Structure formats: C-alpha cells, structure tokens
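Listed below, chain by chain, are the residues.
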Amino acid sequence: MIEEVKRCVDMRINFFDEYFTIPENMQNEVEAFITDVTLLGNGCNSATEFEEKFVSEGLSDRFNAILPRC
C-alpha cells in the first residue's frame, strides 16, 4: 500500500482505538469494516482514489453507522 493511501486507511481504522472502547457485541462488525477498508486501500493508487471509493462503495456510510454504536 502506498504511503498516502496508508495514511487515509490508518486514519479510519485507528479512529476506533483512539476515541472509543469497542463493545464486545460490535467487535466483529468493526473488524469486518477494518478488513474492508484495508482491502480497499491495497487496491488504490492514490489518496484521491481511496477517498472516492470509500464513499462510493458505502464504507463511509458504514463508518458513520458504526461510530454512534461504539
């Protein structure tokens, strides 16, 4: 994964550990989200491409839906 994309991915996945305690009943959903974000990041060649796909593939909606439940 290129560095500029890695920063975007890390920003999303580290957000959970930095600002939340993940409830046990949310662990699997958060882990699945992290896996999907990482897979997306591995397939992108720029931060712009990652950000566009993060929104268009529904990961942004998933991220926003998970946060209030943590």
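Higher on the page you've got the structure.
Read on for an overview of the structure. What you see is a predicted model; the values in this text were computed from it and never measured. (Residues numbered from 1 in each chain as written. Predicted model: local features only at pLDDT ≥ 70, side-chain atom pairs only at ≥ 80, totals over all residues. Heavy atoms only, no water.)

## Description of the packing of aromatic side chains
A full pass over the atoms with the stated rule returns nine aromatic pairs. Plain terms: the ring middles of Phe-15 and Phe-20 are 5.9 Å apart, the flat faces sit at 45° to each other, and that makes the pair tilted. A ring pair is formed by Phe-16 and Phe-33, whose centres lie 5.9 Å apart and whose planes are at 80°; its orientation type is edge-to-face. One end of the pair, Phe-16, is in helix H1 (residues 3-19); the other, Phe-33, is in helix H2 (residues 27-42), with 17 residues separating them in the sequence. (Phe/Tyr/Trp six-rings, centres within 6.5 Å; stacked < 30°, edge-to-face > 60°. Helix = DSSP H or I, 4+ residues; strand = E, 2+ residues; numbered from the N terminus.)

## Looking at helix H4 (residues 59-66)
Residues Leu-59, Ser-60, Phe-63 and Ile-66 constitute the buried set of H4. Angular distribution of buried residues about the axis of H4 spans 130°; they occupy a single face of the element. Contacts made by the buried residues of H4 are with H1, H2 and helix H3 (47-56). (Buried < 20%, exposed > 50% of the residue type's maximum accessible area, 1.4 Å probe, protein only. Arc of directions from axis to C-beta. Contact = heavy atoms within 4.5 Å.)

## Looking at the side chain of Ser-60
Mapping Ser-60 onto the fold places it in helix H4. Residue Ser-60 is classed as buried on the basis of its relative accessible area of 17%. Once residues lying within four places of it in the same chain are set aside, the contact partners of Ser-60 are Phe-54 and Val-55.

## A short note on the state of the cysteines
The final tally for this structure, using the stated rule, is zero disulfides. The thiol of Cys-8 is not disulfide-bonded; the next cysteine sulfur, from Cys-44, is found 9.0 Å away. (Disulfide = S-S within 2.5 Å.)

## A short note on the packing of H1 against H3
One way to put it is that H1 packs onto H3 with a least axis distance of 8 Å and a crossing angle of 35°. Residues Glu-4, Val-5, Cys-8, Val-9, Met-11 and Arg-12 of H1 touch H3, and the partners they reach there are Ala-47, Thr-48, Phe-50, Glu-51 and Phe-54. Taken together, the residues that form the contact of H1 with H3 break down as seven nonpolar, one polar and three charged. (Axes fitted to C-alpha atoms, helices over the stretch in contact; angles between N-to-C directions. Nonpolar A, V, L, I, M, F, W, Y, C, P; charged D, E, K, R; others polar.)

## Section: H3
Every buried residue belonging to H3 is among Ala-47, Phe-50 and Phe-54, and all of these are buried. For H3, the angular spread of buried residues about the axis comes to 60°, placing them on one side. Facing away from the buried side of H3, by more than 90 degrees, are the exposed residues Thr-48, Glu-52, Val-55 and Ser-56. On the buried face of H3, the contacting elements are H1, H2 and H4. Gly-58 sits one or two positions beyond H3 and adopts a positive phi of about 85°.

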